[in-house]
Amino acid sequence: MQKHSCQNCKIRSVAEEFLSPEEFIKLEANSAVVDFKKGDVIIRQKALSLNVVYLRTGLVKIHMQGPSKEKILRLVKAPSYLGIPTTFGDKINNYSVTALTDTTVCFIDASFFKMLTYGNGKFAYEIIIDLCKNELFDQQRHINQEQKQIPGRVAETLICMSEMLFSNSTFSLPLSRVELADLVGTSRESLSRILSQFSCEQLIKMNGSEIQILNKERLEMISQKG
DNA sequence: GCATTAACCACAG
DNA sequence: CTGTGGTTAATGC
């Protein structure tokens, strides 16, 4: 186990700004830093949940095995808490979290994390803010996926990745085609076709996992009208 | 009916 | 693993 100091941590969460020195000492005693490699499962669906995770560095996918196929719910980049809903809301994890890059996380004992929220309103408030933002984001994406056609969903996903994840019009897809399809909510084949279609129309440039957005305006139009 | 959309299958690189 | 072509089912005009 890595040695760590929570109070001196350079990537503390917003909520942690409201912790007292005593709480930091307790947090330190109730948490552990762990490194994961790309592809490692950090939180496993159907496993007992005994901790909350704080993603310190790296990128992960939150995904869920549905009745028929796998669904990627959301990509999350550090820093962020992971697994709060499933730890507070159920004993058993409702979803998995898998590393898309090498990552460093902090496991925090669930009952201790609950104690923190009982005793520190400002800490809890920041956690709630975070959860609410995520819920709004999920609702928005859910309704978009429900009501847009596949080109619109793909365009939206590409723009979202470019803006929210990489802040760059050129980026390296952290997902395979199958995973991207699971994120967009379509088949691998349909996704593949849409991408090559976008590429033909000079909306994007693509080789392998490298994507460059060439015509964002047009992509946004496609995203809008679904 | 006819056109469009998207999933499923098969196969090739 | 990924791209493409053919086929099929559902939906809308």
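Please read all numbers here as calculations on a predicted model, not as lab measurements.

A. Structural context of the protein's contact with DNA strand B. Neighbouring DNA strand B are Gln-149, Ile-150, Pro-151, Thr-186, Ser-187, Glu-189, Ser-190 and Arg-193. Near the protein, meaning within 4 Å, the atoms of DNA strand B are sugar or phosphate in a fraction of 64%, with bases accounting for the rest. A distance of 2.6 Å separates a phosphate oxygen of DNA strand B from a polar atom in the side chain of Ser-190. If you list the elements that add at least two residues to the surface near DNA strand B, you get helix H5 (150-166) and helix H7 (188-200).

B. Expanded view of the pairing of strand S7 (residues 96-99). Where burial is concerned, the two faces of S7 agree: the one with Ser-96 and Thr-98 and the one with Val-97 and Ala-99 are both buried. Relative to S7, strand S4 (residues 59-65) runs antiparallel, the two sharing four bridges. Across the sheet, Lys-61 pairs through a bridge with Thr-98, a residue of S7.

C. Structural detail: the nonpolar core. Within the largest apolar cluster, 27 residues are counted, with the highest numbers of intra-cluster contacts made by Met-161 and Phe-198. Only strand S5 (70-77), H5, helix H6 (177-184), H7, strand S11 (210-213) and helix H8 (216-225) provide two or more residues apiece to this core. The leading source of residues in this core is H5, at six residues. Counting residues domain by domain, this core receives three or more from each of domain 1 (15-143) and domain 2 (148-225).

D. Structural context of the packing of H6 against H7. Close contact between H6 and H7 brings their axes to 8 Å; oriented N to C, the two are set at 95°. Comparing the axis directions of H6 and H7 gives the class roughly perpendicular. Each of Arg-177, Val-178, Leu-180, Ala-181 and Val-184 in H6 lies in contact with H7, whose residues at this interface are Arg-188, Leu-191 and Leu-195. When its residues are assigned to classes, the contact of H6 with H7 shows six nonpolar, no polar and two charged.

E. View of the domain arrangement of chain A. The domain architecture assigned to chain A consists of domain 1 (15-143) and domain 2 (148-225). Here the C-alpha centroids of domain 1 and domain 2 sit 27 Å apart. Between domain 1 and domain 2, the contact holds ten residues from the first and twelve residues from the second. Summing both sides of the interface, domain 1 and domain 2 together bury roughly 1,100 Å²; the carbon and sulfur share of this comes to 61%. On the domain 1 side of the interface with domain 2, the three residues burying the most area are Ile-72, Leu-75 and Lys-77, jointly 40% of the side's total. Applying the counting criterion to the domain 1 and domain 2 interface returns one salt bridge.

F. Seen up close, the pairing of strand S10 (residues 204-207). The pairing of S10 with S11 spans four bridges and is antiparallel. By the bridge assignment for S11, Met-206 is matched with Ile-211. Hairpin remark: S10 followed by S11, antiparallel, with two residues in the connecting loop; positive phi at Gly-208, about 65°.

G. Representation of the environment of Arg-177 within the structure. Among the secondary structure elements, Arg-177 is positioned in helix H6. Judged by relative accessible area, which is 26%, Arg-177 ranks as partly exposed. Taking the C-alpha atoms as reference points, Arg-177 and Leu-191, separated by 14 residues in sequence, lie 7.5 Å from one another. When residues no more than four places from it in sequence are discounted, the contact partners of Arg-177 are Leu-191, Leu-195, Met-206, Gly-208 and Ser-209. A distance of 2.4 Å separates a polar atom in the side chain of Arg-177 from the backbone oxygen of Gly-208.

Quick notes on the rules
Residues numbered from 1 in each chain as written. Chains lettered and ligands numbered in written order. Predicted model: local features only at pLDDT ≥ 70, side-chain atom pairs only at ≥ 80, totals over all residues. Heavy atoms only, no water. Near = heavy atom within 4 Å. Polar contact = N/O pair within 3.5 Å; in protein donor to acceptor, adjacent residues only side chain to side chain. Helix = DSSP H or I, 4+ residues; strand = E, 2+ residues; numbered from the N terminus. Buried < 20%, exposed > 50% of the residue type's maximum accessible area, 1.4 Å probe, protein only. Pairing = 2+ DSSP bridges. Core = buried A, V, L, I, M, F, W, Y, C linked by side-chain atoms within 4.5 Å. Domains from an automatic or database assignment. Axes fitted to C-alpha atoms, helices over the stretch in contact; angles between N-to-C directions. Parallel < 35°, antiparallel > 145°, perpendicular 65-115°, else oblique. Contact = heavy atoms within 4.5 Å. Nonpolar A, V, L, I, M, F, W, Y, C, P; charged D, E, K, R; others polar. Buried area = accessible area lost by both parts, 1.4 Å probe. Salt bridge = Lys/Arg side-chain N within 4 Å of Asp/Glu carboxyl O.

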